[in-house]
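Residues per chain, in single letters:
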Amino acid sequence: MNSLFDALPFRPADILLPQNCEYAKWSVVACDQYTSQPEYWQRVEEYVGKAPSSLRLILPESCLDGPSVETDIMEVNNTMTRYLREGVFKEYPQAMVYVERRLHSGKVRRGLVGMVDLEQYDYEPGSSALIRATEGTVLSRIPPRVAVRKNAPIELPHVMLLCDDPARTVVEPLGERTGSMAPLYDFELMEQGGHLRGWLLGEEEQAAVARALTALADPESFHARYGADSGSVLLFAVGDGNHSLATAKECYERQKRLTPQSQWADLPARFALVELVNLHDDSLEFEPIHRVLFGVEPEEVLSGLMAFYPGAHLGPGEGHQLPFVHQNGAGVVTVPRPAQQLPVGTLQTFLDEYVLQHGCRIDYIHGQDVTRALAQRPGNLGFLLPAMGKGELFPTVIHDGVLPRKTFSMGEANDKRFYLEARKIR
């Protein structure tokens, strides 16, 4: 391992890439997308057919509550083992991959694939770890994901970590060195996902990344950026895949309990493959994540919301405005003198309580048009939320702890990370 990374939480990994297959059919979008649009996954199923694909190595979250989930998980693990046995993958030892993703909008997002040390990640609010969650982690969402990962021989990441690098010292310089790096892939993604290209970093490029990250993690420069009261260094914040990374952490903690401490450093499960992206990447836009309730009487929910917050009323006003839409119309509920910093926090506090008491289903939707379409079906109610400025992210996590869960999304659903790289975890 490159010794320059010894003190860093991000480092090279033994990366697996599929070979002798059609990448356009191999690479599918993150499993936590299109959870209320089964027709999307049906189209993907039909397009992939019998070709080798990461679709066979993941379980879309819309299937986690399905009647055959245990059989589905077993099939995923069996397919992983078969792909390894049949030589579907080629391994690149101690590798990092520079990625350029041309999004459907035409903008290019730049990233760097490597692995993080889960000993230096913590999703608990108020953590002082180098890698922290940006949103509240729902512990009940971890066990079903653990069931998928715990016996899996490999991992495929959709986790995207963010670094606050306004001088663009870590990822962006790699874009100027693609001529000296080995190209790995160059293909069009399915379902309007854009175009993906990747290059293998050489020793010089890895060393430059290590030096830039070391400078970014320097405590003095960190406190100069965020203030003397900013506490321990926050190097990376989880942008996408918070619960997936929390699941990897839980699986590692389980293995630690069964393994002598002297062997922890050698556990493959100690690390997780991720893509690192600069918060200041020009393509990176924070999109709001909207809410849709299913199987409810919209007027009853709205009455409950106004009763939950005394003084709340229909129509615009001073305070947090919560726009809603349902089959019979649209409007806004205003909550005056809110205790939460963000409207999403005000809404989520109520929704958590309402769903718990009434047993209805809630989903978190990327895209206003999809939210409106779902909300206008009988028995549904949608809430539309404003976008959060990305410059608020690191200071808020540093000074206030995690944001309310599902506060923001990095782009629309088809901008999410597509599975491609993999890594052995057993």
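Note that the structure is predicted; figures quoted are calculated from it, not measured. (Residues numbered from 1 in each chain as written. Predicted model: local features only at pLDDT ≥ 70, side-chain atom pairs only at ≥ 80, totals over all residues. Heavy atoms only, no water.)

(A) Structural detail: the environment of His104. For His104, the location among the structural elements is in the loop between strand 4 (97-102) and strand 5 (108-117). The sequence separation of His104 and Asp415 amounts to 311 residues, and the corresponding C-alpha distance is 7.4 Å. What His104 contacts, discounting residues up to four positions off in sequence, is Gln192, Gly194, Asn414 and Asp415. (Helix = DSSP H or I, 4+ residues; strand = E, 2+ residues; numbered from the N terminus. Contact = heavy atoms within 4.5 Å.)

(B) Molecular detail of the packing of helix 8 (residues 298-308) against helix 9 (residues 343-358). Where helix 8 contacts helix 9, the two axes come as close as 10 Å, and the packing angle between them is 120 degrees. Compared by their axis directions, helix 8 and helix 9 come out oblique. Regarding helix 8 and helix 9, the two cross each other, and that crossing is right-handed. Between helix 8 and helix 9, the contacting residues are Glu300, Val301, Gly304, Leu305 and Phe308 on the first element and Thr349, Phe350, Glu353 and Tyr354 on the second. A breakdown of the residues in the contact of helix 8 with helix 9 according to their chemical character gives five nonpolar, two polar and two charged. (Axes fitted to C-alpha atoms, helices over the stretch in contact; angles between N-to-C directions. Parallel < 35°, antiparallel > 145°, perpendicular 65-115°, else oblique. Left-handed = near helix turned anticlockwise from the far one by under 90°. Nonpolar A, V, L, I, M, F, W, Y, C, P; charged D, E, K, R; others polar.)

(C) Representation of the pattern of salt bridges within the structure. For the structure on display, the rule yields 21 salt bridges. The salt bridge involving Arg168 is made with Asp282; its shortest N-O contact spans 3.1 Å. Highlighted residues: Arg168 in the loop between strand 9 (160-163) and strand 10 (182-188) and Asp282 in the loop between strand 13 (271-278) and strand 14 (286-294), separated in sequence by 114 residues. Notably, a salt bridge pairs Lys249 with Glu253, separated by 3.6 Å at the nearest N-O pair. Of this pair, Lys249 and Glu253 are both found in helix 7 (residues 242-257), four residues apart, which corresponds to roughly one turn of the helix. (Salt bridge = Lys/Arg side-chain N within 4 Å of Asp/Glu carboxyl O.)

(D) Structural view of the pairing of strand 10. Two strands pair when backbone bridges link them, and strand 10 and strand 11 (residues 195-200) are joined in this way by six bridges, in the antiparallel orientation. When the bridges of strand 11 are listed, Ala182 appears paired with Leu200. As consecutive antiparallel partners, strand 10 and strand 11 are separated by six residues, and within that stretch Glu191 has a phi angle of approximately 55 degrees, a positive value. (Pairing = 2+ DSSP bridges.)

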